[in-house]
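A closer look at the structure
This is what each chain is made of:
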Amino acid sequence: MKIGYLGPKATFTEAAAALLFPSQPREPYDTIPDCIDAAAAGEIEAAVVPLENALEGSVNLTLDYLIHEQPLPIIGEIVVPIEQHLMVHPYFTPHWREVKEVYSHSHAIAQCRKFLHTVLKGAKQVPMTSTSAAAKFVSEHPHLPAAAIANRLAAEKYGLVIVQENVHDYDYNHTRFIVVSRRKEPLSPASPLYAGDKTTVVVMLPQDRPGALHQVLSAFAWRRLNLTKIESRPAKTGLGNYFFIIDIDAPMDDVLIPGAIAEIEALGCTVQLLGSYPYYFA
Ligand SMILES: O=C(O)C(=O)C[C@]1(C(=O)O)C=C[C@@H](O)C=C1
């Protein structure tokens, strides 16, 4: 069966999919929802989509789509180093400092904010569905005074010239990519890239219960369950109503995490399990 990823070819997401599924056929999808929908429909065995970048934070579209639209389980995660390069059509190489438009995924643009503000001040920043979609667009519009921000593979694939390397603002640039699928079994830890296991839950607090968030965190703390991330996202039920996405630094077990979830639900919270899965470092 095929593996879907945020395309077109030569995205960072494809690189993540290739690392996790080196021998399986891959299918690009234009958007993150299209890719997740294909996995939900069984068109593909699993979808690989970006979840969080070290500089710009969560890819909200991925989080919101999984929480509100397609609750597919997360069965694995891989963290991939990210190098953003500025690239132009070969015709424009001598004049790259005169570009009027820079195309890329919004997260990639955000990772390069300082570079764009100083070196290409005034150039219009145009968000695209992915970094390689931006590279493909620039390659197909040689007459435009435009550049793309994407990876080296995209420059090679779409015949662009890298005029500035590593234009991301900070060195420690990595992105978390998740694998979602209708199948329930998590990916195998039998990989040289395996680094551990985590469990992700989404908690909705009860209305008007002072201290509820502290009680939720305590339910994990006294069980010595380490939390590596907690993030609020709008519940889309009115300003001030949030989901809390919580990453637990442990696989689902038979006692501690179910006990914490039962305790939190007894407090009046709703809890959605996004997945318990291995994570890998590239
Ligand atoms: O995979 C890609 O190339 C994307 O455009 C997505 C994405 C992201 O959403 O974070 C992936 C890696 C980078 O952080 C920039 C963009």
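Worth saying up front: this structure is predicted, and the values here are computed from it rather than measured. (Residues numbered from 1 in each chain as written. Predicted model: local features only at pLDDT ≥ 70, side-chain atom pairs only at ≥ 80, totals over all residues. Heavy atoms only, no water.)

1. Examining the site of the ligand
Rules: It suffices for a single heavy atom of a residue to lie within 4 Å of a molecule or strand for the residue to be listed as near it. Polar contacts, as used here, are pairs of N or O atoms within 3.5 Å; protein pairs need one atom able to donate a hydrogen and one able to accept it. Residues neighboring in sequence count only if both atoms are side-chain atoms. Accessibility throughout is a Shrake-Rupley quantity obtained with a 1.4 Å probe, and a residue counts as covered only by protein chains that appear here. Runs of H or I in DSSP of at least four residues are treated as helices and runs of E of at least two as strands, each being numbered from the N terminus. Side-chain classes follow a simple rule in which Ala, Val, Leu, Ile, Met, Phe, Trp, Tyr, Cys and Pro form the nonpolar group, Asp, Glu, Lys and Arg form the charged group, and the remainder, Gly included, forms the polar group. Domain limits in this description derive from either an automatic procedure or a database domain assignment.
Around the ligand, a shell composed of 16 residues is seen, among which Phe12, Thr13, Gln111, Thr131 and Thr175 lie nearest. Thr13 places a side-chain nitrogen or oxygen 2.6 Å from an oxygen atom of the ligand. Thr131 has a polar side-chain atom sitting 2.4 Å from an oxygen atom of the ligand. Protein chains shield 100% of the accessible area of the ligand, which is 350 Å² for the free molecule. Listed by contribution, the elements that provide at least two residues to the shell around the ligand are α1 (12-20), β3 (46-53), α4 (106-111) and β11 (174-180). Residue composition of the shell around the ligand, by class: six nonpolar, ten polar and no charged. For the shell around the ligand, the domains that each give at least three residues are domain 1 (3-81 + 175-281) and domain 2 (85-164).

2. Structural notes on unusual backbone geometry
A cis amide bond links Gly7 with the next residue in sequence, Pro8, at an omega value of 5°. Within the secondary structure layout, Pro8 lies in the loop between β1 (3-6) and α1. For Ala10, which is not a glycine, the phi torsion comes out positive at approximately 80°. With a phi close to 65°, Lys236 is a non-glycine residue in the positive phi region.

3. With respect to the UniProt feature "site: Essential for prephenate dehydratase activity" (unreviewed entry) in the chain
Using the following cut-off: UniProt positions are given in the numbering used here, feature names are shortened, and annotations may be inferred rather than shown by experiment. A contact between two residues is defined here by any heavy atoms of the two lying within 4.5 Å.
With numbering aligned to this structure, UniProt lists the feature "site: Essential for prephenate dehydratase activity" (unreviewed entry) at Thr175. Relative to the elements of secondary structure, Thr175 occurs in strand β11. When residues no more than four places from it in sequence are discounted, the contact partners of Thr175 are Pro50, Glu52, Asn53, Ile78, Val79, Val80 and Ile82. A distance of 2.9 Å separates the side chain of Thr175 from the side chain of Asn53, its partner in a polar contact.

4. Digging into the domain arrangement of the chain
Cut-off, in case you're wondering: The term buried area means the drop in 1.4 Å probe accessible area that two parts suffer when joined, counted for both and summed. Any Lys or Arg side-chain nitrogen found within 4 Å of a carboxyl oxygen on Asp or Glu counts as a salt bridge.
The domain architecture assigned to the chain consists of domain 1 (3-81 + 175-281) and domain 2 (85-164). Centre-to-centre, using C-alpha coordinates, domain 1 lies 30 Å away from domain 2. For the pairing of domain 1 and domain 2, the buried interface totals around 1,200 Å² over both sides, and the portion due to carbon and sulfur atoms is 64%. When the buried surface of domain 1 facing domain 2 is broken down by residue, Ala10, Phe12 and Glu56 rank first, second and third, together holding 40% of it. The tally of links from domain 1 across to domain 2 stands at one salt bridge. For Glu56, the salt bridge goes to Arg113, with nearest N and O atoms at 3.5 Å. Joining domain 1 to domain 2, the criterion identifies nine residue pairs in polar contact (both at pLDDT 80 or more).

5. Observations concerning the sheet that holds strand β6 (residues 85-88)
We count it as follows: Whether two strands pair depends on DSSP finding at least two bridges between them. Axes, fitted as lines to C-alpha atoms, cover a helix only where it is in contact. Angles between the N-to-C directions of the axes lie from 0 to 180 degrees.
One open sheet accounts for five strands, arranged β8-β7-β9-β6-β10; its pairing is mixed. Taken across any chain shown, the strands that pair with only one partner, and hence form the sheet edges, are β8 (124-128) and β10 (161-164). Put simply, the sheet's adjacent strands are angled 35° from each other on average, direction ignored. Note that β6 and β10 share three bridges and pair antiparallel. Bridged to Leu86 within β10 is Gln164. Across the sheet, helix α6 (residues 131-140) lies against β6, β7 (101-105), β8 and β9 (146-150), angled at about 155° from β9, the strand it touches most.

6. What to know about the nonpolar core
Our working definition: Residue types Ala, Val, Leu, Ile, Met, Phe, Trp, Tyr and Cys, when buried and joined through side-chain atoms within 4.5 Å, form a set referred to as a nonpolar core. Only protein chains enter the accessibility calculation, which uses a 1.4 Å probe. A residue is then buried if its area is under 20% of the maximum for its type, exposed if over 50%, and partly exposed in between.
Within the largest apolar cluster, 27 residues are counted, with the highest numbers of intra-cluster contacts made by Ile36, Leu66, Ile74, Ile178 and Val180. Those elements giving two or more residues to this core turn out to be α2 (32-40), β3, α3 (60-69), β11, β12 (194-204), β14 (242-248) and β15 (270-281). Here the element with the most residues in this core is α2; it accounts for five residues. Discounting chain neighbours no more than four positions away, the residues touching Ile74 are Leu66, Ile178, Val179, Val180, Leu274, Gly275, Ser276 and Tyr277.

7. Side note on the packing of helix α8 (residues 212-221) against helix α9 (residues 256-266)
Stated formally: Angles are sorted into four bins: roughly parallel if under 35 degrees, roughly antiparallel if over 145, roughly perpendicular if 65 to 115, and oblique for all others. By definition, turning the near helix anticlockwise from the far helix through less than a right angle yields a left-handed crossing, and turning it clockwise yields a right-handed one.
Viewed as axis vectors pointing N to C, α8 and α9 meet at an angle of 160°, and their least axial separation amounts to 9 Å. The angle between α8 and α9 falls in the class roughly antiparallel. For the pair α8 and α9, the crossing hand works out as right-handed. Contacts between α8 and α9 pair Val216, Ala219 and Phe220 from the former with Ala260, Glu263 and Ile264 from the latter.

8. Some words on the pairing of β7
In terms of residue burial, β7 counts as a mostly covered element, since five of its five residues are buried. Relative to β8, β7 runs parallel, the two sharing five bridges. What sits directly across from Val102, in β8, is Gln125.

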